[in-house]
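# Inside the fold
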Amino acid sequence: MTIFYGDKNTFLPSHLNFGKYALDEISKFKDKVALIDAATKKKITYKELAQSFVNVAFYLEQRGLKKNDVVAICSENRIEYMITALAVFSTGATLTCMNGIYNKDEIIHALHISKPKYIFLSQNTNERYYESIKSLNMIKNFYVFDDVPTNSETISFKEILQSNIDISSFKFKEFKEFNGGIAVIMYSSGTTGPAKGVKLTHSNLIIATQQPVLSPKDHVILSIAPWSSSLGLIFTLHEVVCGRTSVFLPRFSENLFLEAIQTYKVGVLIVVPPVIIIMCKSITAKNYDLSSIEIVYSGGAPLNQALITELKSTFPNIKYILQGYGMTEATGAITGELVTKYKEGSVGTVLKGNIVKIVDVNTRKILGPRQAGEVCVKGPVLFDGYIEIDNKSILDEDGFYKTGDIAYYDEDGFFYIVDRIKEIIKYKGWQVSPSELEDLLLQHPAIKDVGVIGRPDDFTGELPTAFIVKKPNINVTETEITEYVAKKVSPWKRLHGGVIFVKEIPKNASGKILRRKLREMLPKLPTSKL
């Protein structure tokens, strides 16, 4: 029985301001390119990035932004987004990042959680949400990233960048408390219910960005995760602090993704499993030179062995397929693999700033190797709690956060994710893992994507039910799929709830299946009979 400790060698500057910490780090890289927008081809060097975010910080303070005020960004990924984020950290204000594909109700829900006074929007999100946001009478100032005519209530980002102050003269806000104050409010993935506001501190960010780089080689990195997600924001901040060149997409497009790899000779891909599926099944990938890819790092959801094998077969130039496991509440990664320390199929070992144990779901007893139980985590990267939610219920008696994820570790300390506690299907007392069935179904030649849930049933508890996206121009029936599964699994794991064909599987920005959305799509069917 073991409690795992990540690397304890961490550094916290006395000022405890992540913006100041980031500036001190990125000032080392000067004229090296920091960020590249693959859609617009726009680039920014580290020197330009430093000057820009200090200019924006100065502007915002001059217009009344104070320590602990909340500033929202609702936009697709773009260079101005990262400039603004670093600027907000520098002022001691709190950033909140909202997904640009939220519907209006979700935007309003997020705004009521974080209560920002200022908001930065792209032209697209401004057009979609402005009236809804304005009606709340919450926002003091609206800023728009694009240099386009806007209504009289909005201010162009171009105007903000006009100042050009001496960086050395800017006074970064310092913190006296150990955690450095709340740096950013993120939103939980919402896979099982409405999103919650997750408070991450300056100390959380400083330590999280001290995680080791994937490879000692200075690869160009391509990440597609939106910066409204912890996978996107925390990882990109990490790469910026470490002086890497990061290519990003405003939104995912298969051809733009492949073109970016070829154009910028990308060596490392940071992706979620659905993108790996697209890569393996793409009919246009052969038209691009993808030979520069050496490392694929997958996060957001477990990567099954069949998909790992297919990726290696399709792209033999890839040397390493690595995985990590984490969550917003742990400021990104909890475990991870490096090119110097990995086991194929695992999600790696415990990373810096984390203390991890696996416990029995019922007895709460700490478990030993290869015993599956709930992942519990604490340490200096653990979040500062949820907004307006009693946090006592989410921690155990020793202060560990109860993640709700089921995993086990092996004799070498490598972790393997099994499933979510709330997603485990219970059929006649048997436990069925949705991800196990999904991995199996994805191996079927007619299936493009899949999501499995339990359909409530009065007699059996839940019936395993598969939502299937068929490949184009391929016919397959429900009977063929249920028989395919029946031949490969134990009786209780069969698709007793049947198959439902859909056009797409709802997922969040990190690639996790939104099973609550699938449950909403369930037809009203009679319960089974014993």
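Look up: the structure comes first, before these words.
Residues numbered from 1 in each chain as written. Predicted model: local features only at pLDDT ≥ 70, side-chain atom pairs only at ≥ 80, totals over all residues. Heavy atoms only, no water.

What follows covers the environment of Val-271. Mapped onto the fold, Val-271 is located in strand E13 (residues 268–271). Of the residues examined, Val-271 reaches a relative accessible area of 2% and is grouped as buried. Note: C-alpha distance between Val-271 and Ser-298 (27 residues apart in sequence) is 5.1 Å. With residues up to four places along the chain from it excluded, the contact list for Val-271 reads Phe-257, Ile-276, Val-296, Tyr-297, Ser-298 and Gly-299. (Helix = DSSP H or I, 4+ residues; strand = E, 2+ residues; numbered from the N terminus. Buried < 20%, exposed > 50% of the residue type's maximum accessible area, 1.4 Å probe, protein only. Contact = heavy atoms within 4.5 Å.)

Before going further, it helps to spend a moment on the pairing of strand E21 (residues 415–420). Where strand E20 (residues 401–409) lies against E21, five bridges are found, and the strand directions are antiparallel. In the sheet register, Ile-406 faces E21, and the bridge partner there is Asp-419. Between E20 and E21, which follow one another and run antiparallel, lie five residues, and Gly-413 among them has a positive phi close to 85°. (Pairing = 2+ DSSP bridges.)

Under the definition given, this model contains 27 salt bridges. The closest approach of N and O atoms between Glu-76 and Arg-78, which form a salt bridge, is 3.7 Å. One salt bridge in this structure joins Lys-319 and Glu-294, with 3.9 Å as the shortest N-O distance. Taken as a pair, Lys-319 in the loop between helix H11 (305–314) and strand E15 (320–327) and Glu-294 in the loop between helix H10 (273–281) and strand E14 (295–298) lie far apart in primary sequence, 25 residues in all. Overall, the relative accessible area of 56% leaves Lys-319 in the exposed class. For Glu-294, a relative accessible area of 16% corresponds to the buried category. Via salt bridges that share partners, Lys-42, Glu-76, Arg-78, Glu-80 and Asp-146 belong to a single interconnected network. (Salt bridge = Lys/Arg side-chain N within 4 Å of Asp/Glu carboxyl O.)

Right, let's get into helix H1 (residues 18–26). Burial within H1 is extensive, with seven of its nine residues counted as buried. Buried residues of H1: Phe-18, Gly-19, Tyr-21, Ala-22, Leu-23, Glu-25 and Ile-26, and no others. With a side-chain oxygen lying 2.7 Å from the backbone nitrogen of Gly-19, the N-terminal cap of H1 falls on Asn-17. (Polar contact = N/O pair within 3.5 Å; in protein donor to acceptor, adjacent residues only side chain to side chain.)

Pairing in this open sheet of seven strands is mixed, and the strands run E8-E7-E6-E4-E5-E9-E10 from one edge to the other. Since the sheet does not close on itself, it has two edges, and those belong to strand E8 (154–156) and strand E10 (197–201), each with one partner. Taken over all neighbouring pairs, the strand axes of this sheet differ in orientation by 25° on average, direction set aside. Relative to strand E5 (residues 94–98), strand E4 (residues 70–74) runs parallel, the two sharing five bridges. (Axes fitted to C-alpha atoms, helices over the stretch in contact; angles between N-to-C directions.)

For the rest of this paragraph, the subject is the side chain of Ser-346. Summarising the element assignment, Ser-346 is placed in the loop between strand E16 (332–336) and strand E17 (349–350). Among the polar contacts made by the side chain of Ser-346, one reaches the side chain of Glu-337 at a distance of 3.1 Å. In this structure the side chain of Ser-346 is engaged in a polar contact, spanning 3.1 Å, whose partner is the backbone nitrogen of Gly-348. When near neighbours in sequence (up to four residues on either side) are disregarded, Ser-346 contacts Gln-323, Glu-337, Phe-414, Phe-415 and Tyr-416.

The sheet built from five strands is open, its strands ordered E1-E18-E19-E20-E21 with antiparallel pairing. For this open sheet the edge positions go to strand E1 (4–5) and E21, each flanked by a neighbour on one side alone. Two elements, strand E19 (residues 373–378) and E20, share four bridges in a ladder whose sense is antiparallel. By the bridge assignment for E20, Val-377 is matched with Tyr-401.

Our next topic: the state of the cysteines. Per the counting criterion, the structure on display carries zero disulfides. We note that Cys-74 lacks a disulfide partner, and the nearest cysteine sulfur, in Cys-97, lies 10 Å from it. Given the relative accessible area of 0%, Cys-74 is considered buried. (Disulfide = S-S within 2.5 Å.)

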